[in-house]
Amino acid sequence: MKTETFDPPADKVGAKDVDRVEKDTMPQLLPFQLDGVRWLRENDRAILADEQGVGKTAQAISAWRDEDAVLIIATISKLQDWVDEIRQWNPERKVRIVHGFEFPKRGEAVVIPWSRLPKPTGYFEVTFPTNVSRPLTVVFDEAHMARNVQSGRGMTASILSEYADRSWLLTGTPLVTDPDSLQNLCYLANPKHPLIAPWWFNYGVRRGASGKATKCRWFLRWKLERTILRREKKDVLPFLPTKSYSRWWVHGVGSLGMPEFENWLETRSGEINRAWF
């Protein structure tokens with residue numbers, strides 16, 4: 001099992017007062033990010049679903065407490081990014097990238113890839129050691145990777161979430177268009193006490209405008225507001241330039257289907273390259 005260790009700089013070592021949020025722990029965070037840190041600290045089982053680029057990683061790192069043993073599950077491409085972010089926002093914490101599965105020690109952060117989660121030995125059966133350092137905080141980055149709780153990855157993630165003292169899910173993927181994934185992620189955040197019961201979730205999302213459905217939709221919104229925090233760039237960073245879109249027309253294609261279009265594109269690629277690039 002390959003392990004990469006990154007020790008904190010000698011001049012940065014030292015404990016911090018976790019209650020001095022604004023003055024000490026997060027001097028560079030924006031006001032809405034400070035709100036996100038407070039929200040995470042108040043919710044041990046939560047989904048931070050801010051839009052990409054809003055700073056979910058920095059908020060999660062700033063919400064840790066010094067004594068926490070932190071396990072981060074991330075995609076392969078994000079492992080080093082987590083190390084770099086931890087060095088910036090929590091430089092006194094020791095961090096390791098482990099290409100396997102290993103629990104962190106107290107005051108340490110361990111980053112592992114999603115592919116290294118242990119596989120279930122049966123239906124929702126995964127055994128973890130009993131001598132794990134506590135309190136244990138588990139951060140599921142790109143949590144939609146485990147949105148299918150019936151898969152092996154989803155089962156292991158839900159059991160690990162229940163095993164942890166704090167379970168935070170980070171995902172910038174919109175969830176409002178996929179009710180099943182939303183329900184599964186809420187279960188993943190708190191498997192022991194699911195935040196969404198299937199019967200009223202179905203009424204609140206899939207049924208018509210009956211009185212019972214309206215009441216369930218209100219209750220669903222009330223529960224989700226206490227489970228999920230989502231901010232979009234246009235709301236919290238209005239000074240950023242708006243997105244711009246360009247439309248490109250391909251002449252001469254007509255009503256070709258996808259296979260015919262691919263064949264046409266292959267035969268005309270030379271002309272297209274000479275004309276456009």
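You'll find the structure just up there.
Summary of the structure given here. (Residues numbered from 1 in each chain as written. Predicted model: local features only at pLDDT ≥ 70, side-chain atom pairs only at ≥ 80, totals over all residues. Heavy atoms only, no water.)

### Observations regarding the overall build of the protein
Then, in step 1: When helices and strands are counted, the protein shows 10 helices and eight strands.
Then, in step 2: By the burial criterion, 44% of the 277 residues in the protein qualify as buried.
Then, in step 3: Across the protein, every contact between residues at least 6 apart in sequence was considered, and the portion connecting residues at least 24 apart equals 70%.
Then, in step 4: When the accessible area of the protein is evaluated, it comes to approximately 15600 Å², of which 52% is carbon and sulfur surface. (Helix = DSSP H or I, 4+ residues; strand = E, 2+ residues; numbered from the N terminus. Buried < 20%, exposed > 50% of the residue type's maximum accessible area, 1.4 Å probe, protein only. Contact = heavy atoms within 4.5 Å. Areas by Shrake-Rupley, 256 points an atom, 1.4 Å probe, with all protein chains shown as cover.)

### Looking at the side chain of His144
Then, in step 1: By the element assignment, His144 lies in the loop between β6 (136–141) and α5 (152–163).
Then, in step 2: Assessed through its relative accessible area of 15%, His144 is described here as buried.
Then, in step 3: Polar side-chain contacts of His144 include one of 2.9 Å to the side chain of Thr171.
Then, in step 4: In this structure His144 touches Thr171, Thr173 and Leu185, once residues within four positions along its chain are discounted. (Polar contact = N/O pair within 3.5 Å; in protein donor to acceptor, adjacent residues only side chain to side chain.)

### So, the packing of aromatic side chains
For any pair of aromatic rings, geometry is given as the distance between the ring centres together with the angle between the planes.
Then, in step 1: Applying the stated criterion to the full structure yields six aromatic pairs.
Then, in step 2: Centre to centre, the rings of Phe101 and Phe103 are 5.1 Å apart; their planes meet at 80 degrees, and the pair counts as edge-to-face.
Then, in step 3: The class of Phe103 is buried, set by a relative accessible area of 12%.
Then, in step 4: A centroid spacing of 5.3 Å and a plane angle of 45 degrees characterise the contact between Phe128 and Tyr163, whose relative ring orientation is tilted. (Phe/Tyr/Trp six-rings, centres within 6.5 Å; stacked < 30°, edge-to-face > 60°.)

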